[in-house]
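Listed here are the chains, written in short residue letters.
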Amino acid sequence: MLEKPGFEHLVENGTKFEWYGVRSNFQFRSGESFGKLSMRAKIFNLKSQEVWVKEVIKNLSEYYRHRPLAKPSKRIAPLLLSVLWLCAIAGVAFLWNLGNIGLVDETEPLFAEAARQMTVTGDWITPYFNTETRFDKPPLIYWLMAVAYQTLGVNEWAVRLPSALCAIALTCLGFYTLSQTERSSATDSVADVTDVTDVTEKSESIFSKSPTRPLFLSTPWIGAALIALNPQTIAWGRTGVSDMLLVACMCSALLAFFLGYTLEERREKAEFSTVAGARFPNKWYLTCYVLIGLAILAKGPVGIVIPALIIGSFGLYLGNFRQLWREMRPLSGILIILAIALPWFILVTLANGQTYIDSFFGYHNFQRFTEVVNKHSAPWYFYFIVVLVGFAPWSIYLPVAIARTHFWQRSYWRRQARSAQLSLFALFWFGCIFTFFTISVTKLPSYVLPLLPAAAILVTLLWNDIIAGKEPQNRPGKLEKKPNYLPRGLLVTYIFNIVFLLIIAGATFYCYNWLGDDPAMPNFPQAIQKSGLLVVGGTIWITAAMAIALLLWKRQQRWILVANFIGLVAFIIFGLTPAYNLVDLNRQLPLRELAKVVVQQKQPGEELMMIGFWKPSLVFYTQDPVTFYRLPRGAKDYIEESNNHTSPTIMVLGYPHKFVEFGLQPNQYQLLDSRGAYQLARVPRKAFLQ
């Protein structure tokens, strides 16, 4: 057993700290341990023993909060390594190859072109796409893209950069929150003790840190990796739509709330409570309100409804809702939120009237929650599958991480320090969003994107316990656990981790059989099979599964996390990114090439029409309006009723078989170009009227 530390010559982070006594005038002896000191107090039967214990606790807490700083080299090295770690995560997950492929139909070009229209028209209030108003989303994402256009030019990098920066900011704030919570928990573990024995145990846990735990296995490092490196976050962090902006604002607001929540407790313990006299809440609560206002500008009322639901249910569960209400000063918060979000809603309503109200609040918010919109329906268990796949491979550990919180033990959580309640808060965060969108009738995979940071925090705290050797103990009455014993729940999870990776490997090998449904890239299954990327991807996952099996056999479970991480990063670099480039080559590149032909050969006044399908990227790349009709009858009626007589011809883009369905024979039009599954032709107007 390790010798207990002598408090005369504590060494913390390489700095010697001298401490010879406490206010009770009961002095430490040279090299005396805390245990010996407490025994000496009992032998002397000091009447002031309880007072003495409180003094020791206070001194320990003050020491840990205000301990002398380490040498500059000792402080700077972990900081620099942490910055490099965050840069590496951001580079792999969000920045690498960000603008090297074209915009992906159908959603991304809608946002990109609406933002471009703002820079062209100078109207920063009403979004437009293809000459029509676009009220699907509030303007914040358009504003950010427009600023990026003016900085980087109109290109794919500028379209996606706001989403990437939002994902990076969320990852960094998650890292900071976990590091602050870890530090606060260590301090609170001393302040919460009640007797001499607890003082001895807590002091040992704080000052005798394990030297065998590498920095890359620390809680903030793990948390940042899990927040950023999961399939859904990577996908939406690289896509130029409003989803990642909403997630960053909303989830950062929730993290800011928790930082403010713990700050109030530290102020109270330091006898510096500002709740009674302050006009505004603390800086982190203010940050929370600002971010909620931005979340509303990112996607509407959901930006405030979800955080309010999470924070409210969390406070009600712990029984401190009234105290939270006083601390947060919601009246000030509402004023801040309204000052940020309300002006645009007033201006756009004044400019567009009832049309905007019916479209945005009626169709895109209320109706999406109560009815199926755009055929986006799904069974009740839809989001179980989405989280399992979208948060893979970390999702395997979510059930154990949730069970680890013991959320049913309300009295236990009410006794805990606020900094120790992060896992419970993450559970409410996860559960409220999951339940809210499961109830919603319209279902899309991106709707549960905001719960992934909470899932990452839950799994991170579980792995923190695993790495520290704090796996769940046997229940009372059971035999003592044997050396290298693994709790049943964790053992089953590790085994399922292996099985799950093998299933992913098998799906990767044979997924070409399921990729032939998109008419825009009919030859893609053969192309990806021929590229060898499926073999590479499947082999990576099999190797990761074998590594985890070997680590489990060797009882080195702390490194299972690293094996999953290496497997995921290798798959992203060597499998997923090249496959994404191949998709672009087959699906989007032909449209971009035909857009160039349109720009070069379009005659003055000539109309551009797309028949049989809708690819809005053509509008962005041609920077011209496109008339779209899916059915032949509608297109013919439109041409008959059209008053456009400036050009006798129409440029038409479509699949070759769609030309036949429209009754157009090869001798009736001029074929300008053919790329991939598409062909571009110049058709006389009279050919449609025959």
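Everything quoted here is computed from the prediction, not taken from an experiment.

Regarding the overall build of the protein
Here comes step 1: Counting secondary structure elements, the protein contains 28 helices and 9 strands.
Here comes step 2: Long-range contacts, defined as pairs at least 24 residues apart, comprise 77% of the intrachain contacts of the protein with a sequence gap of at least 6.
Here comes step 3: As displayed, the protein has an accessible area near 32500 Å², and 62% of this comes from carbon and sulfur atoms.

Regarding the nonpolar core
Here comes step 1: Of all hydrophobic cores here, the largest spans 150 residues; its most connected members are Phe257, Phe391, Trp429, Phe430, Phe437, Val459 and Trp463.
Here comes step 2: Per element, the largest residue contribution to this core is 17 residues, and it comes from helix H10 (residues 243–269).
Here comes step 3: Setting aside chain neighbours within four positions, we find Val459 in contact with Leu226, Phe391, Trp394, Tyr397, Leu398 and Ala401.
Here comes step 4: In terms of nonpolar packing, the next biggest core, distinct from the first, is built from 21 residues, Phe129, Leu594, Val626 and Ala677 among them.

Observations regarding the confidence of the model for the protein
Here comes step 1: Here the protein averages 81 in pLDDT, while 78% of its residues score no lower than 70.
Here comes step 2: Counting contacts from residues 40–49, a segment whose pLDDT is below 50, to residues more than four positions away or on other chains yields 10 contacts.
Here comes step 3: In the model, residues 472–481 has pLDDT below 50 throughout and makes 7 contacts with residues more than four positions away in sequence or in other chains.

Structural notes on the pairing of strand E7 (residues 649–654)
Here comes step 1: Among the 6 residues that make up E7, 6 are buried, leaving the element largely enclosed by the rest of the structure.
Here comes step 2: The alternating pattern of E7 places Thr649, Met651 and Leu653 on one face and Ile650, Val652 and Gly654 on the opposite face, and all of these are buried.
Here comes step 3: Relative to E7, strand E5 (residues 607–611) runs parallel, the two being bridged by 4 bridges. In the sheet register, Glu607 faces E7, and the bridge partner there is Ile650.
Here comes step 4: Pairing of E7 with strand E9 (residues 678–684) involves 6 bridges; the strand directions are antiparallel. In the sheet register, Thr649 faces E9, and the bridge partner there is Pro684.

Here we look at the environment of Val386
Here comes step 1: Note that Val386 resides in helix H16 (residues 382–390).
Here comes step 2: Remark: the alpha-carbon pair of Val386 and Leu444, spanning 58 residues in sequence, is separated by 9.2 Å.
Here comes step 3: Setting aside its immediate chain neighbours within four residues, Val386 contacts Gln232, Phe391, Pro445 and Val448.

Conventions we followed
- Residues numbered from 1 in each chain as written.
- Predicted model: local features only at pLDDT ≥ 70, side-chain atom pairs only at ≥ 80, totals over all residues.
- Heavy atoms only, no water.
- Helix = DSSP H or I, 4+ residues; strand = E, 2+ residues; numbered from the N terminus.
- Contact = heavy atoms within 4.5 Å.
- Areas by Shrake-Rupley, 256 points an atom, 1.4 Å probe, with all protein chains shown as cover.
- Core = buried A, V, L, I, M, F, W, Y, C linked by side-chain atoms within 4.5 Å.
- Buried < 20%, exposed > 50% of the residue type's maximum accessible area, 1.4 Å probe, protein only.
- pLDDT = per-residue confidence, 0-100.
- Pairing = 2+ DSSP bridges.

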